[in-house]
Amino acid sequence: MLRIAKWAAPVVALGLMLGLAVKVKADDAKATGTVSGTVVDKDGKAVANASVGVFTADMQHKHKAEKQAEAAEGDKDKAHHAGKEKGDKPKAVAEGVTDSEGKFTIKDVPAGDYVVRVNVKGQGRAVQKVTVKAGDTATADLKLGEMKKPKAA
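Each value, and the rule that gives it
- Residue numbers run consecutively from 1 along every chain, following the written order of its sequence.
- Side-chain atom pairs in this predicted model are given and counted only at pLDDT of 80 or more, local residue features only at pLDDT of at least 70, and totals for whole chains, interfaces and linings cover all residues.
- Neither water nor hydrogens contribute to the side-chain values; these are computed over all heavy atoms in the structure.
- Going along the chain from the N terminus, every DSSP run of H or I of four or more residues is numbered as a helix, and every run of E of two or more is numbered as a strand.
- The buried label applies to any residue whose accessible area, calculated with a 1.4 Å probe on protein chains only, is under 20% of its type's maximum; exposed applies above 50%, and partly exposed to all values in between.
- Whether two residues are in contact is decided by their heavy atoms, any of which lying within 4.5 Å being enough.
- Residue burial considers only the protein chains on display, and all accessible areas are found by Shrake-Rupley using a 1.4 Å probe.
- For Phe, Tyr and Trp, where Trp contributes only its six-membered ring, two rings pair if their centres lie within 6.5 Å, and the inter-plane angle classes them as stacked under 30 degrees, edge-to-face over 60, or tilted in between.
- We call a charge positioned over a ring when the NZ of a Lys or the CZ of an Arg lies within 6 Å of the ring centre and within 35 degrees of the ring normal.
- One requirement defines pairing of two strands: DSSP has to find at least two bridges between them.
- Orientation is described by axes fitted as lines to C-alpha atoms, over the contacting stretch for helices, and by angles from 0 to 180 degrees between their N-to-C directions.
- Here, a salt bridge means any side-chain nitrogen of Lys or Arg that lies within 4 Å of a carboxyl oxygen of Asp or Glu.

Enquirer: An account of the overall build of the chain is requested, with residue identities and associated values reported.
Expert: Counting secondary structure elements, the chain contains three helices and eight strands. Secondary structure elements in the chain, listed N-terminal to C-terminal, are α-β-β-α-α-β-β-β-β-β-β. The buried share of the chain, reckoned over its 153 residues, is 27%. Summarising the internal contacts of the chain: among those between residues at least 6 apart in sequence, 63% fall at separations of at least 24. Accessible area of the chain: about 10,800 Å², with a carbon and sulfur share of 56%.

Next up, the structure:
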């Protein structure tokens, strides 16, 4: 009986740890959603192979505020170029590319408020705010050259 107890306790403990690890992974998967939509040009035609980025809404505001604060401390030339340093851009939380019909789907985006951005050289840019809810799909239909106001959640 004592022999069984010596090896059974570690086996049961290992089983509990594995069970909790699977539960945590399942919970993490539920804490994400999807962002999908379309990108069209100013004439309403689908834009293929456009890079679409999902950025945290607060990251963009924080980045801009930091640059303005730095500029306020420096000279007017710095203020004029604030936020324009090469390679000094907010990083996307998730990215995707449009297909031949201008459609995109970006999966596994953590739940939260975001800004979806697309910029196509020579055609313009578009930005739309979205709220990603766990297990749901947020839609961002972007028309190049226009800025969309956030939809009511």
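Enquirer: How would you sum up the packing of aromatic side chains? Please name residues and give values.
Expert: This model, assessed by the stated rule, comprises zero aromatic pairs. A cation sits over an aromatic face here: Arg117 above Phe55, 4.0 Å from the ring centre.

Enquirer: Explain the sheet that holds strand β3 (residues 94-97) residue by residue, including any values.
Expert: Within the open sheet, the four strands sit side by side as β3-β2-β5-β6. Their pairing is antiparallel. At either end of the open sheet lies a strand with only one pairing partner, and these are β3 and β6 (124-132). Ignoring which end each strand starts from, the neighbouring axes of this sheet average 20° apart. Sheet topology places strand β2 (residues 51-56) next to β3; four bridges connect them, and they run antiparallel. Its bridge partner lying in β3, Gly53 is registered against Glu95.

Enquirer: A description of the pattern of salt bridges should follow, citing residues and the corresponding values.
Expert: Counted according to the given criterion, the structure contains one salt bridge. For the salt bridge of Lys103 with Glu101, the shortest nitrogen-to-oxygen distance reads 3.5 Å. Overall, the relative accessible area of 44% leaves Lys103 in the partly exposed class.

Enquirer: Could you give an account of the pairing of strand β1 (residues 32-40), naming the residues involved and the relevant values?
Expert: Counting buried positions along β1 yields seven of nine residues, so the element is predominantly enclosed. Two strands pair when backbone bridges link them, and β1 and strand β4 (residues 103-110) are joined in this way by six bridges, in the antiparallel orientation. By the bridge assignment for β4, Thr32 is matched with Pro110. Relative to strand β7 (residues 137-139), β1 is paired through three bridges, and the arrangement is parallel. The partner of Ser36 across the bridge, within β7, is Thr139. Two elements, β1 and strand β8 (residues 142-143), share two bridges in a ladder whose sense is parallel. Bridging across to β8, Val40 finds its partner in Lys143.

These values are about where atoms sit, not about what they do.
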